[in-house]
There are 2 protein chains.
Amino acid sequence: MLIQNTSNSLVDTLRQRRQKLASLIDFPVILWSGNDSPRNYPANVFPFRASSHFLYFAGLPLPNAVIRLEAGFLELFMDDPKPSSALWHGEMPRREEIAEKIGADVAKPMVELELSVEGAATIAVQDAGTWTQQSQLLDRLVLPQIQPAGIDLELAKAIVTVRLTHDEAALAELRKAAAVTVEAHKAGMAATTSAKIEAEVRAAMEAVIIAHNMTTSYNSIVTVHGEVLHNEQYHHSLQPGDLLLADVGAETEIGWAADVTRTWAISGKFSSTQRDIYDVVLAAHDACIAKIRAGVEYEDIHLLACTVIAEGLVDLGIFKGNAEELVEMDAHALFFPHGIGHLLGLDVHDMEDLGDLAGYEEKRERSDRFGLGYLRLNRPLRPGMLVTIEPGFYQVPAILNDANLRSKYHNLVNWERLSQFTDVRGIRIEDDVLVTTEGSEVLTAALPNQASAVEDLVGG
Amino acid sequence: MLIQNTSNSLVDTLRQRRQKLASLIDFPVILWSGNDSPRNYPANVFPFRASSHFLYFAGLPLPNAVIRLEAGFLELFMDDPKPSSALWHGEMPRREEIAEKIGADVAKPMVELELSVEGAATIAVQDAGTWTQQSQLLDRLVLPQIQPAGIDLELAKAIVTVRLTHDEAALAELRKAAAVTVEAHKAGMAATTSAKIEAEVRAAMEAVIIAHNMTTSYNSIVTVHGEVLHNEQYHHSLQPGDLLLADVGAETEIGWAADVTRTWAISGKFSSTQRDIYDVVLAAHDACIAKIRAGVEYEDIHLLACTVIAEGLVDLGIFKGNAEELVEMDAHALFFPHGIGHLLGLDVHDMEDLGDLAGYEEKRERSDRFGLGYLRLNRPLRPGMLVTIEPGFYQVPAILNDANLRSKYHNLVNWERLSQFTDVRGIRIEDDVLVTTEGSEVLTAALPNQASAVEDLVGG
Ligand SMILES: [Mn+2]
Ligand SMILES: [Mn+2]
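Only a predicted model underlies this, so the values are computations on that prediction, with no experimental measurement involved.

Our next topic: the interface of chain B and chain A. Taken together, the contact between chain B and chain A spans 62 residues of the former and 62 residues of the latter. When chain B packs against chain A, close to 5,100 Å² is buried across both sides, 59% of that on carbon and sulfur atoms. Looking only at chain B, the three residues that lose the most surface to chain A are Tyr 41, Leu 87 and Trp 88 of chain B, adding up to 16% of its buried area. For Glu 251 of chain B, the salt bridge identified is with Arg 39 of chain A, shortest N-O distance 3.0 Å. Connecting chain B to chain A are 13 residue pairs in polar contact (both at pLDDT 80 or more). Among the elements of the structure, strand E2 (38-41), strand E3 (44-45), helix H3 (85-89), helix H5 (128-138), helix H8 (198-211), strand E7 (215-216) and helix H12 (397-400) of chain B are those that each provide at least two residues to the side of chain B that touches chain A. With eight residues, the top contributor of residues to the side of chain B that touches chain A is H8 of chain B. Taken together, the residues of the side of chain B that touches chain A break down into 31 nonpolar, 19 polar and 12 charged.

Laid out in structure tokens, this is it:
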């Protein structure tokens, strides 16, 4: 349990967050931190991860704790460790001590929680032990698979409003996560030419994160098969002509995430075809970031990426026709089938436990268009939002060999020209971008993304 | 999903394991592999870990798969990936292909499982999604927290019988895990003198494990507070006079574990007091391993460790009196409060999901003696069993400051002499030992444990 790096400013921050929430709702809120999830047997658990909503308002990753918020008044419920646990887990901070650190007004043992559940809203926590307890105490089904309803839905919307833009304390953590992530990617690049399999590059990257006493914010992708979007295999050997795609991010001790992707050549040097496509993806990346500022629709950023990619592929002779028309026909999604990015905060897809409540502006819904359906964020940008910008180019067999898609887009693609790009299976470039009133700030700007700068970092 | 390094010999091994099981029971068995456990939101999951019982009989870490065994006949139930999943997860092996790899006689879609559940026994899997499914299909409560009963208990006992000793295929994996773990510890030692906090040493160790495309078999302990037995904090700074205790083990891709502890000086060189205690712990370690052979009671190994430690502490003037008598009075547990070790296999505490069914010989129960209660294994040793030997010395404040214990053992401890050993908070030396007919084989013998050899590896 982490309580060392707290301070009065933490208390102030948490108080402000709780007051913001109190200004939006008029019912009590109970948030559980959650408990360990078992791995292969009950005592062998995955590393504990507190619920993000709890972390946001309580600030510390306390296992098996509960906060109750009402009109800015904070009660902490948790049990003091049993005396016998000191043998195995050492002297743990006591309830009163923790209450002080997070600015709780009252601290009570867990058994008293059932006296205070009347009329309270909550958000489902992920582990079964805890959502069982939530359901029992609140006398209704509280399950991570069920979208919230009633006051739980009102609470979810209020939390989205508060968490959608980041305060200074959050940004300080997000910058820390970004800085360590930048260092991890540099270490991965530097380790590549001497590595034999993907796992060795992953090790170099995650070692940086672990050494900073952080964890990965999601399961790392470090793969020569970048065309498999969520590839979590690391056993492939590194071949000189191939690209390596690394999507790896750090998460700070109190839960704030980074999410960064770079793609580099295993030999250090891009082939001319790889470089051509890389520059197309980078152009989309740069155009999107240049366009970001408060008020701009994120969907327009996405469409801009699609257009720049289509344009680049026209220039390379892969697409035939006009970029705008190609995008209108969703042809870009043949090679860029996902969204341009998502919210980033305590979760790498921030608040995705609430479905599209956070990502989608009220009354907007996911499109069923091939080129838009995977967009995770569709809101006008606001100062203090943190988003990823992650354009990509992939040759996904499941798409390019799909008979329907192939016939639909047959005349728009120069398939023969495309066949010259077989050494480009997947490229993505992803940075974490803070929206400001005037424009944006790239939190991960310290990690180069120009092809030649990346080549320099890989060496070889 | 891992299917690359399989072979005909895997099929043979699995068939033999299933035949052994079939010879012990006369009812059908259904084993679930389990599914992902969510971390902070449903799509952000912990790395998948298949159930150990499934892994033992099916050999591959397949998510969301089921095997049904009856009289040596094997049915595999799993769904082929949806076409849409190819975009995100790539082309996955199909059911028929996997059935062939594991030697299944039949392969069926999951929906057919409900036709074959009649009279079948099972073991609860850890993730809630799966034990819910187990309970529904078998129409009884199947929960990891509930000890098995009826045919489930019969199955558990039969599985214990089969898994208690390791076949050649298992040993090959266990040796791989041991070898990588040895390398990880060497890397940790080498990284220490230039590291500033515990996390940096942990990073060096886990990087070795990740680089071999393995995972840790339990949450690593890398701490200057070795007296906290299950310490999972890594933020403490490394001070030159302190010891570092590292309990870190690798797990192979198909689930087989290692479990190794070394303790070394942060400066590289033990102080004379640290060295004195280290040599006591090592003497216990060596005496235990020398005594291991088929037929010996593991409890006697534990008591031997207690005696050697008590003896060493008498020689150092910390204990007063006679070693055997001290152990009879449980005085050793003031400084060595845990058991000498446990079974090791697919789980780091092998089959601990079955409570003490695996660890304790039928009709034996845990002692409530202070010096024996934490013993996890109490059986006569048999050839092919793999056990850990992990004696230790700790100054646990919760024990040494306990008023009852202090008064009970007041005259047996020279407290003034003890106060000269404040720079020894916790020492443990742990190796993985295979029981043979003639004696034993230390799978982790390549990692030195002599004080001077450890000093050489740390350098500084
Ligand atoms: Mn992303
Ligand atoms: Mn152990």
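Back to the text.
Moving on, we come to unusual backbone geometry. All names here are of chain B. Even without being a glycine, Asp 330 presents a positive backbone phi close to 65°. As for its position among the elements, Asp 330 is in the loop between helix H11 (323-328) and strand E12 (386-389). Of note in the backbone geometry, Met 351 takes a positive phi value of approximately 60° without being a glycine. Within the secondary structure, Met 351 sits in the loop between H11 and E12.

Below, the discussion takes up the relation of the copies chain B and chain A. Placing chain B over chain A gives an RMSD of 0.0 Å and needs a rotation angle of 180°, together with 0.0 Å of translation along the axis. Here the copies are linked by what is in effect a two-fold axis. Here 100% of the contact residues of chain B are again contact residues in chain A; the copies associate through an equivalent surface.

What follows concerns the pattern of salt bridges. All names here are of chain A. Inspection of every chain in the model, using the stated rule, returns 56 salt bridges over all chains. Among the ionic pairs, Arg 428 bridges to Asp 247, the shortest N-O distance being 2.9 Å. Of the two residues, Arg 428 is situated in strand E14 (residues 426-428) and Asp 247 in strand E9 (residues 243-248); the sequence distance between them amounts to 181 residues. We classify Arg 428 as buried; its relative accessible area is 3%. Of the residues examined, Asp 247 reaches a relative accessible area of 7% and is grouped as buried. A single network of salt bridges, built from pairs that share partners, joins Arg 68, Glu 70, Glu 75 and Lys 108.

Formed by 143 residues in total, the largest nonpolar core has its most connected members in Leu 21, Ile 67, Leu 76 and Ile 277 of chain B. Dropping the residues within four chain positions of it, Ile 277 of chain B is found in contact with Leu 313, Leu 316, Ile 318, Phe 393, Phe 421, Val 424 and Ile 427 of chain B. Counting residues in hydrophobic clusters, the runner-up holds 142 residues, among them Ala 107, Val 182, Ala 358 and Val 454 of chain A.

Attention now goes to the sheet that holds strand E16 (residues 440-442) of chain B. Adjacent strands of a sheet form backbone hydrogen bonds with each other and so pair up, either parallel or antiparallel. All names here are of chain B. Strand order in the open sheet formed by three strands is E12-E15-E16, and the pairing between neighbours is antiparallel. The outermost strands of the open sheet, each flanked by one partner alone, are E12 and E16. Across the sheet, the mean angle from the axis of one strand to that of its neighbour is 35°, orientation sign disregarded. Pairing geometry for E12 and strand E15 (residues 431-435), over four bridges, is antiparallel. Residue pairing across strands places Leu 386 opposite Leu 434, the latter belonging to E15. In this fold helix H9 (residues 272-291) packs onto E12, E15 and E16, with an angle of close to 155° to the strand it touches most, E12.

Attention now moves to the coordination of the manganese ion (ligand 2). All names here are of chain B. Only Asp 259 (OD), His 342 (NE2), Glu 390 (OE) and Glu 430 (OE) from the protein reach the manganese ion (ligand 2) as donors, at distances of 2.0 to 2.4 Å. Here the donor residues for the manganese ion (ligand 2) map to a single chain with the spacing D-x82-H-x47-E-x39-E. One end of the pair, His 342, is in the loop between H11 and E12; the other, Glu 430, is in the loop between strand E14 (426-428) and E15, with 88 residues separating them in the sequence. When its relative accessible area of 4% is taken as the criterion, His 342 is described as buried. Looking at Glu 430, the relative accessible area reads 0%, which means it is buried.

Now for the sheet that holds strand E4 (residues 66-70) of chain B. All names here are of chain B. Read from one edge of the open sheet, four strands run E1-E4-E5-E6, paired in mixed fashion. With partners counted over all chains shown, the strands left at the sheet margins are strand E1 (29-32) and strand E6 (106-108), one partner each. Adjacent strand axes in the sheet meet at a mean angle of 20° when their direction is disregarded. The sheet contact formed by strand E5 (residues 73-77) and E6 spans three bridges and is parallel. Pairing of Glu 75 across the sheet is with Val 106, part of E6.

Viewed as axis vectors pointing N to C, helix H8 (residues 198-211) of chain A and H8 of chain B meet at an angle of 165°, and their least axial separation amounts to 8 Å. The angle between H8 of chain A and H8 of chain B places the two elements in the roughly antiparallel class. Note that H8 of chain A runs across H8 of chain B; the crossing there is right-handed. For the pair H8 of chain A and H8 of chain B, the contacting residues are Ala 199, Glu 200, Arg 202, Ala 203, Glu 206, Ala 207, Ile 210 and Ala 211 of chain A in the first and Ala 199, Glu 200, Arg 202, Ala 203, Glu 206, Ala 207, Ile 210 and Ala 211 of chain B in the second. Taken together, the residues of the contact of H8 of chain A with H8 of chain B sort by class into 10 nonpolar, no polar and six charged.

Next up on the list: the UniProt feature "domain: Aminopeptidase P N-terminal" (unreviewed entry) in chain A. In the numbering used here, UniProt assigns the feature "domain: Aminopeptidase P N-terminal" (unreviewed entry) to residues 9-136 of chain A. Between the end C-alpha atoms of residues 9-136 of chain A the distance is 36 Å, and the span holds 34% helix and 18% strand.

Here the focus is the coordination of the manganese ion (ligand 1). Residues and elements named next belong to chain A. Binding of the manganese ion (ligand 1) to the protein goes through Asp 259 (OD), His 342 (NE2), Glu 390 (OE) and Glu 430 (OE), at separations of 2.0 to 2.4 Å. Mapped onto the sequence, the donors of the manganese ion (ligand 1) take the spacing D-x82-H-x47-E-x39-E. In this pair, Asp 259 sits in the loop between strand E10 (250-251) and strand E11 (260-265) while Glu 390 sits in the loop between strand E12 (386-389) and strand E13 (392-394), placing the two residues 131 residues apart along the sequence.

Next up on the list: the side chain of Asn 449 of chain B. Within the secondary structure, Asn 449 of chain B sits in the loop between E16 and helix H15 (451-458). One polar contact links Asn 449 of chain B to Asp 431 of chain B, side chain to side chain, over a distance of 3.4 Å.

All names here are of chain A. What the domain assignment lists for chain A is domain 1 (9-163) and domain 2 (168-458). Computed over C-alpha atoms only, the centres of domain 1 and domain 2 are separated by 34 Å. Residue-level contacts link 19 residues of domain 1 with 19 residues of domain 2. Counting each side, the surface lost to burial between domain 1 and domain 2 is near 1,500 Å², with a carbon and sulfur contribution of 58%. Ranking the residues of domain 1 by area buried against domain 2 places Arg 49, Val 160 and Arg 163 at the top, with a combined share of 32%. Across the salt bridge formed by Arg 163 and Asp 350, the nearest N and O atoms sit 2.9 Å from each other. For the pair domain 1 and domain 2, the number of links is eight residue pairs in polar contact (both at pLDDT 80 or more). Only helix H1 (8-22), helix H2 (52-58) and helix H6 (150-163) provide two or more residues apiece to the side of domain 1 that touches domain 2. Of the residues that constitute the side of domain 1 that touches domain 2, the class distribution is eight nonpolar, seven polar and four charged.

Criteria and thresholds
- Residues numbered from 1 in each chain as written.
- Chains lettered and ligands numbered in written order.
- Predicted model: local features only at pLDDT ≥ 70, side-chain atom pairs only at ≥ 80, totals over all residues.
- Heavy atoms only, no water.
- Contact = heavy atoms within 4.5 Å.
- Buried area = accessible area lost by both parts, 1.4 Å probe.
- Salt bridge = Lys/Arg side-chain N within 4 Å of Asp/Glu carboxyl O.
- Polar contact = N/O pair within 3.5 Å; in protein donor to acceptor, adjacent residues only side chain to side chain.
- Helix = DSSP H or I, 4+ residues; strand = E, 2+ residues; numbered from the N terminus.
- Nonpolar A, V, L, I, M, F, W, Y, C, P; charged D, E, K, R; others polar.
- Least-squares fit on C-alpha atoms with pLDDT ≥ 70 in both.
- Buried < 20%, exposed > 50% of the residue type's maximum accessible area, 1.4 Å probe, protein only.
- Core = buried A, V, L, I, M, F, W, Y, C linked by side-chain atoms within 4.5 Å.
- Pairing = 2+ DSSP bridges.
- Axes fitted to C-alpha atoms, helices over the stretch in contact; angles between N-to-C directions.
- Donors = N, O, S within 2.8 Å, 3.2 Å for Na, K, Ca; no water.
- Parallel < 35°, antiparallel > 145°, perpendicular 65-115°, else oblique.
- Left-handed = near helix turned anticlockwise from the far one by under 90°.
- UniProt positions renumbered as here; feature names shortened; annotations may be inferred.
- Domains from an automatic or database assignment.

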